[in-house]
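Fold and geometry: a report
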Amino acid sequence: MTDFPADFLRHLKSAERVVVLTGAGVSQESGLRTFRDDPIGLWAQYKPEELATPEAFAANPKLVWDWYAWRREAAQNARPNAGHYALVELEKRVPQFTLVTQNVDGFHRAAGSQNVLELHGNIRRVRCSVCGAFADAWTDDGANVPTCLQCGGLLRPDVIWFGESLPQAELQSAVEAARICHVFFSIGTSVVVQPAASLARAAQKEGAVLVEINAETTPLTQTADFAFRGKSGEILPRLIEALTLPSR
Ligand code: OAD
């Protein structure tokens with residue numbers, strides 16, 4: 001017996017193409033904070049929207065660099081959770097599976113997911129803010145923002161800041177995958193930052209079954225065909241279990 005509706009499982013089992021969109025909620029059970037959590041500690045006085053911008057970096061590069069160094073360290077000290085691993089299992093069961101993530105922590109690939117589109121970059125990568133060269137290593141003396149070995153420009157995380165364009169190849173692939181998928185999952189995202197909401201709605205408009213997994217309601221909940229309330233690290237492993245049970 002499973003607590004998932006039979007018609008939902010039927011749709012998923014017969015789906016040739018599935019897209020999963022994830023957000024910070026998927027990494028919450030790894031111990032990483034989401035963007036809408038109540039802020040705590042050293043960085044509580046700053047809002048992500050105030051630090052994750054080119055303007056903030058231009059005005060105070062050290063502040064922005066240090067914030068990302070703190071978040072990079074948190075990601076490096078954490079591990080993928082049961083939700084990430086369940087998505088690896090889901091990928092094995094679906095002929096064409098695309099995982100689109102807004103997360104910059106790299107956990108989906110670390111868990112073993114193969115077809116991953118990182119729309120907001122990856123916090124583990126660092127590049128020059130001037131010439132764009134990637135830096136494999138850098139020295140952080142704590143007083144200054146590390147600089148590029150090629151041109152001396154300031155280094156920055158290889159993430160997408162508010163106001164910057166998304167990586168075009170990844171975005172194009174995500175839009176195309178959403179347009180032709182049979183089931184579209186929105187998991188652990190508040191869908192307040194585009195293109196999250198538009199991807200989900202485009203998929204549904206083209207006929208996909210829209211499924212949401214979230215700890216809370218979001219602007220998508222009302223229109224989703226199926227909405228499961230709770231933690232992705234608990235719901236997703238149960239879903240994999242339900243998929244392995246013989247259909248009734
Ligand atoms: P948010 O922090 O906006 O939303 C996290 C969502 O996860 C919320 O809807 C929570 O209810 C839900 N949630 C929390 N814990 C959960 C759990 N254990 N299981 C399931 N759901 C859970 O994060 P995103 O939607 O990813 O952009 O935010 C999108 C973008 O806005 C980010 O990539 C970032 C941010 O500002 C940039 O930095 C450009």
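Residues numbered from 1 in each chain as written. Predicted model: local features only at pLDDT ≥ 70, side-chain atom pairs only at ≥ 80, totals over all residues. Heavy atoms only, no water.

1. A short note on the overall build of the protein
- Within the protein, the regular secondary structure consists of ten helices and nine strands.
- The globule rule puts the C-alpha radius of gyration for 248 residues at 18 Å, and the 19 Å found for the protein is close to it.
- Expressed along its principal axes, the backbone C-alpha trace of the protein runs to roughly 65 × 35 × 30 Å.
- The burial tally for the protein puts 49% of its 248 residues in the buried class.
- Here the analysis covers contacts within the protein between residues at least 6 apart in sequence; of these, 66% occur between residues at least 24 apart.
- By element, 51% of the accessible surface of the protein is carried by carbon and sulfur atoms, the whole surface being about 12300 Å².
- A gap of 4 Å separates the mean positions of the 24 positive and 28 negative side-chain charges of the protein. (Helix = DSSP H or I, 4+ residues; strand = E, 2+ residues; numbered from the N terminus. Rg over C-alpha atoms; globule rule 2.2 N^0.38 Å. Buried < 20%, exposed > 50% of the residue type's maximum accessible area, 1.4 Å probe, protein only. Contact = heavy atoms within 4.5 Å. Areas by Shrake-Rupley, 256 points an atom, 1.4 Å probe, with all protein chains shown as cover. Lys, Arg positive; Asp, Glu negative; His and termini not counted. Charge placed at Lys NZ, Arg CZ, Asp CG, Glu CD.)

2. Details of the pairing of strand β2 (residues 96–101)
- The element β2 is largely enclosed, with a buried count of five among its six residues.
- When β2 meets strand β3 (residues 116–118), the two strands line up parallel, connected through three bridges. Bridge pairing links L99 to V116 in β3. (Pairing = 2+ DSSP bridges.)

3. Details of the nonpolar core
- By size, the foremost hydrophobic cluster in this structure holds 28 residues, and its most contacted members are F8, L12, V18, V20, L90, F185 and L239.
- Of all the secondary structure elements, the ones that give two or more residues to this core are α1 (6–14), β1 (17–22), α6 (82–93), β2, β7 (183–187), β8 (209–214), β9 (226–229) and α10 (232–244).
- In terms of residue count, α10 provides more of this core than any other element does, six residues in total. (Core = buried A, V, L, I, M, F, W, Y, C linked by side-chain atoms within 4.5 Å.)

4. Some remarks on the site of the ligand
- F35, R36, T189, S190 and N214 are the nearest of the 22 residues found near the ligand.
- Residue Q102 places a main-chain N or O atom 3.3 Å away from an oxygen atom belonging to the ligand.
- The contact in question runs from a nitrogen atom of the ligand to an N or O atom on the backbone of A215, over 3.3 Å.
- For the shell around the ligand, the residue count by class is six nonpolar, twelve polar and four charged. (Near = heavy atom within 4 Å. Polar contact = N/O pair within 3.5 Å; in protein donor to acceptor, adjacent residues only side chain to side chain. Nonpolar A, V, L, I, M, F, W, Y, C, P; charged D, E, K, R; others polar.)

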